[in-house]
Amino acid sequence: MSLAPSRIVLLLCLPCALAAEPLKETGRLDDIPMHYVTVQPMQDADVAIQLDGLVDEPLWQSVPAHDEMLVSMPGTGAKADWPTEVRMLPTERGLYVSAVMKQPRESLIRRLTNRDEFIDRDNFGITIDATGNGTFAYWFIVALGGSLMDGKVLPERRYSNDWDGPWTARTAEIEDGWSVELFLPWSMMALPNVPGDREIGFAIARTVSFINERYQWPGHSQASPQFVTALNTLNVGHVEPRRQQEIIPYVSGTSDGVRNEDEVRIGADLIWKPSPSFEVSAALNPDFGAVEADDVVLNLTALETFFPEKRLFFLEGNEVFETTNRSSSGNNMRIYNAEDFRTTSRRVFTTDYLPAPISLINTRRIGGTATQMRTTEPLRRGERERPTDLLGAAKVTGSAGAFRYGVLGAFEDEVEWIADNGRTLRDDGRDFGVVRAVYESSGHNRFGAGYFGSYVTGPAYDATVHAADLHYSSADGRYGADLQWLTSDVDDVRGDGALLDLSYRPDSRNRHTLRFDYFDETVNVNDLGFLARNDYQAAQYTYTYVREGGFGPMLANRGGVTVDQRYNVSSGQVVESGVYWRNTAIWPGRNTVRTALAWFPERYEDVDTRGNGAYRTQDGMWWDVLLATDSSKPLEYSFGVGGWSEHLGDWTWQSKLGVTWRPTASFTASLDLTYRARDGWLVYQGGRNFGAYHGTEWQPKMNVTWFINSAHQVRFSLQWAGVKADERGFFAVPDRDGDLIPAARTLADHDFRVSLLTAQLRYRWEIAPLTDLFVVYNRGNNTLTRTHEPFDDLFTDAFDDPLVDLFIIKLRYRFAN
């Protein structure tokens with residue numbers, strides 16, 4: 001927005017800001033200094049600041065301003081060209097932060113988006129390690145225009161954007177740039193008890209879109225071996241946050257057009273925080289209604305697809321329950337491709353052949369599809385995929401000295417399915433319990449040791465998991481080790497597993513990682529965790545590189561080479577083997593080219609056979625090229641081509657096309673289209689049988705978002721996957737494992753069609769932090785048929801006869817002291 005002339009005059013007439021005292025260095029990383037900053041705290045009642053984005057209050061001029069920004073992306077470490085005046089003011093309630101950022105006003109890029117959506121635009125951010133010891137940190141970003149992003153980061157750059165905090169920020173355009181004001185309440189952070197003055201870690205960051213640079217203080221590059229443990233230090237005085245009580249009641253109404261049922265639910269989330277290091281939260285009669293939609297994923301294999309958690313209750317304080325850095329898909333992209341997620345070009349990524357996450361706690365299981373329903377009756381279509389209602393959930397998290405701990409419990413309501421004959425089938429839901437404790441030493445070198453235990457009880461069986469984990473990181477971040485051992489007991493069947501990760505970073509440009517896995521054939525953590533498969537042992541080496549400057553006209557280049565070998569434990573067969581190369585290059589004009597190439601030796605496939613032996617695959621290859629254009633333009637494009645070898649030597653070819661249109665700051669429309677032509681595509685047909693198919697697959701994905709203003713948003717999203725597959729051969733797994741052998745067909749016609757649909761129309765009014773009104777309509781389907789329908793009929797049939805047909809109105813309102 002533009003400043004009124006009177007406000008401009010006021011800004012020009014204010015006295016010069018109080019000059020900051022010379023900063024004390026606390027250390028250096030790659031010759032980049034970290035600083036110690038002391039700020040005189042104030043009583044919040046005496047802080048006369050109106051959060052409007054304009055840093056024009058006289059009080060701000062009494063706070064020292066700092067401009068220590070260096071260029072961190074690209075990682076040159078040079079002094080920033082455009083000034084950034086940062087001020088920080090702590091009170092007993094929280095931390096006030098302001099920044100005045102200079103640049104030509106005509107160069108500003110303002111775009112509104114959903115919360116936590118990363119696109120190219122001007123933004124300002126702060127990272128805060130409230131513990132002061134590098135255990136974990138919170139990050140907060142506000143973009144010009146007011147869109148917010150936040151989350152948590154574990155050492156050293158294990159970012160997640162799952163957490164949403166109740167903080168406030170406003171931005172404003174000024175004559176020579178833009179400015180921002182933030183208020184970050186201490187009550188939303190986990191603060192340990194400390195005697196005397198409190199010291200917290202912090203980093204300041206700014207994105208200057210028109211020159212495609214990111215500034216940071218301290219100015220570590222995105223490839224540096226440390227971040228969370230190499231922040232600046234801010235002395236905020238003797239800050240002791242007051243006790244926090246918070247209640248977020250909700251009321252929702254749902255109309256289910258498939259079941260012809262209407263439901264009204266009333267419940268609440270409760271939070272009690274008597275001290276900074278202890279928190280109790282509970283959800284009473286929680287409503288985890290479908291106001292967010294998962295991506296459509298076509299998966300006809302025996303391997304489960306991982307979906308991230310989106311429910312606020314399970315996201316808050318979840319970092320204490322993490323036992324390994326393998327629990328995040330985003331972290332895998334950093335390990336295997338040195339991905340830094342910069343917004344130079346349209347945000348599309350090559351994610352094929354990346355390992356699935358491994359986690360002992362996947363809270364999507366809680367209230368997910370019922371896995372212990374005791375019935376053999378035929379069910380109506382879609383009943384098995386229905387989520388389960390929760391009666392309640394409770395969680396305790398806290399810290400005591402060098403220890404952190406967490407306890408989680410959740411209780412499902414009775415499960416109801418409808419049989420084909422219309423009869424309602426009922427069974428008990430499941431109960432979940434988790435205990436976690438971890439000791440962390442933050443001396444010269446970092447050491448951690450933890451225990452994790454989970455218990456799931458249901459009507460059919462009980463499941464327990466016990467695990468121990470050890471972590472080490474050298475003081476300079478160059479050496480790291482993570483070890484985890486676990487044992488499971490599911491219905492009196494016991495299994496064991498272990499993970500070991502070793503890393504070495506000689507400098508900011510290179511990294512070496514070794515990973516070792518062992519899971520026996522009976523280990524099972526999937527009643528609450530996520531493990532794509534058991535019965536394997538693996539060794540893997542990855543080398544990643546980062547080069548700012550690249551070769552010739554190339555502006556930057558990063559990537560990785562991975563060698564992977566896996567055997568099943570039960571028979572010693574090679575079940576996965578390959579050499580992978582992934583690379584990302586940035587070229588002039590802000591164009592990004594992602595390339596990938598892999599070679600797979602012959603191996604045995606033992607998972608898709610569903611316990612019916614294993615068959616030998618031929619050796620093969622995978623390649624992919626993806627071009628993305630300048631994301632600062634109103635129109636941005638991406639185009640990709642690639643292919644991979646099928647198990648019998650035939651090929652699948654793939655092409656992708658995407659476009660994003662942003663004619664104004666408040667409107668965005670995007671369309672992505674994927675096409676695959678498949679030959680020799682093996683699909684399981686029951687027993688020991690497989691069909692080899694010629695298949696055609698289309699996957700369009702569309703999103704349209706309109707911000708009426710920064711608080712009111714209308715969004716429409718649609719994803720569809722359609723497959724036509726015609727059988728060209730029929731095979732069986734041999735009795736003694738080996739090459740597939742021709743077999744007699746079990747049906748006259750094995751051709752099939754698949755149609756997956758998810759559509760959502762949503763209005764959201766963000767009344768205040770964590771206070772919203774949602775009006776949502778969801779429609780979806782999931783069909784697999786033996787018909788010979790054309791693609792247009794596949795889509796219309798999925799839309800006309802849905803499995804999901806929900807209209808939802810939900811209001812939640814946060815009350816807090």
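Right above here is the structure, for reference.
Just so you know, these numbers come straight off a predicted model, no measurement behind them.

Novice: Which parts of the structure should I look at to understand the pattern of salt bridges?
Specialist: Close approach of charged atoms lets side chains of opposite charge pair. Summed over all chains, the structure comprises 52 salt bridges. Salt-bridge contacts for Asp 606 lead to Arg 533; the nearest nitrogen and oxygen are separated by 2.9 Å. Within this pair, whereas Asp 606 is found in the loop between strand 32 (604-605) and strand 33 (615-616), its partner Arg 533 is found in the loop between strand 27 (510-519) and strand 28 (536-548), the two being separated by 73 residues in sequence. Note on Asp 606: relative accessible area 15%, which makes it buried.

Novice: In this structure, what is going on with the packing of aromatic side chains? I would like to understand it.
Specialist: For any two aromatic rings, the description comes down to two numbers: the centre-to-centre distance and the angle of the planes. Counting across every chain of the model gives 34 aromatic pairs. Measuring from centroid to centroid gives 5.2 Å for Phe 313 and Phe 314, while their planes differ by 85 degrees, and the two rings are edge-to-face. With respect to class, Phe 313 is no different from Phe 314; both count as buried. Ring centres of Tyr 543 and Tyr 545 lie 6.0 Å apart, and the angle between their planes is 35 degrees; on these two criteria the pair is classed as tilted. Among the aromatic side chains, those forming a connected cluster through ring pairs are Phe 136, Tyr 138, Phe 140, Trp 163 and Trp 167. Between the NZ or CZ atom of Arg 678 and the centre of the ring of Trp 681, over which it lies, the distance is 4.1 Å. Here the basic side chain of Lys 810 rests over the ring of Tyr 250, its NZ or CZ set 5.6 Å away from the ring centre.

Novice: How should unusual backbone geometry be read in this particular structure?
Specialist: Comment: phi is negative for the bulk of residues other than glycine, and the bulk of peptide bonds are trans. With an omega of 0 degrees, the peptide bond between Met 73 and Pro 74 qualifies as cis. When you line up the elements, Pro 74 lands in the loop between strand 3 (70-73) and strand 4 (84-90). Here the residue pair Pro 155 and Glu 156 is connected by a cis peptide bond, since its omega of -10 degrees sits within 30 degrees of zero. In this structure, Glu 156 sits in the loop between strand 8 (148-154) and strand 9 (158-160). Although it is not a glycine, Asn 260 sits at a positive phi angle of roughly 55 degrees. Mapping Asn 260 onto the fold places it in the loop between strand 15 (244-256) and strand 16 (261-275).

Novice: How do you make sense of a nonpolar patch on the surface when you look at a structure like this?
Specialist: A cluster of nonpolar side chains, namely Ile 247, Val 251, Val 264, Ile 266, Leu 270, Leu 284, Trp 765, Ile 767, Leu 811, Tyr 813 and Phe 815, defines an oily patch on the protein surface of about 940 Å² accessible area. Mapped by element, the contributors of at least two residues to the nonpolar patch are strand 15, strand 16 and strand 41 (752-768). Among the elements that take part in the nonpolar patch, strand 16 stands out by supplying three residues, more than any other. Within the secondary structure layout, Leu 270 lies in strand 16. Overall, the relative accessible area of 31% leaves Leu 270 in the partly exposed class.

Novice: Explain the sheet that holds strand 11 (residues 177-185) to me, please; I cannot follow it from the model alone.
Specialist: Adjacent strands of a sheet pair through backbone hydrogen bonds, lying either parallel or antiparallel. Here we have four strands laid out as an open sheet, ordered 4-5-11-10, and antiparallel in their pairing. Two strands bound the open sheet, and with one partner strand each, they are strand 4 and strand 10 (168-174). Neighbour-to-neighbour, the strand axes of the sheet open up by a mean angle of 10 degrees, direction not taken into account. Bridging between strand 5 (residues 94-102) and strand 11 involves nine bridges; their strand directions are antiparallel. Note on strand 11: the bridge partner recorded for Tyr 96 is Phe 183.

Reading the values: rules and limits
- For every chain, the first residue of its written sequence is number 1, and the numbers climb from 1 along that sequence.
- Selection of residues for local features in this predicted model requires a pLDDT of at least 70, selection of side-chain atom pairs for listing and counting requires 80 or more, and totals for whole chains, interfaces and linings are taken over all residues.
- With hydrogens and water excluded, all non-hydrogen atoms of the structure serve as input to the side-chain values.
- Any carboxyl oxygen of Asp or Glu that lies within 4 Å of a side-chain nitrogen of Lys or Arg is treated as forming a salt bridge with it.
- Helix and strand definitions follow DSSP, with helices as H or I runs of at least four residues and strands as E runs of at least two, each counted in order from the N terminus.
- Relative accessibility under 20% of the residue-type maximum defines a buried residue, over 50% an exposed one, and the middle range a partly exposed one, all with a 1.4 Å probe and only protein chains included.
- Between the rings of Phe, Tyr and Trp (Trp by its six-membered ring), a pair exists once the centres lie within 6.5 Å; its type follows the angle of the planes, with under 30 degrees stacked, over 60 edge-to-face, and the other angles tilted.
- Either the NZ atom of lysine or the CZ atom of arginine qualifies as a charge over a ring when it sits within 6 Å of the ring centre and within 35 degrees of the ring normal.
- Residues enter a patch when their relative accessible area is above 30% and they make no salt bridge; the linking distance is 9 Å between like charges and 5 Å between nonpolar side chains (Val, Leu, Ile, Met, Phe, Trp, Tyr).
- A 1.4 Å probe and the Shrake-Rupley method give the accessible areas. Residues count as covered only by the protein chains that appear here.
- In this scheme, strands are said to pair when DSSP sees at least two bridges between them.
- Only the contacting stretch of a helix is used when fitting its axis, a line to C-alpha atoms as for every element, and angles between N-to-C directions run 0 to 180 degrees.

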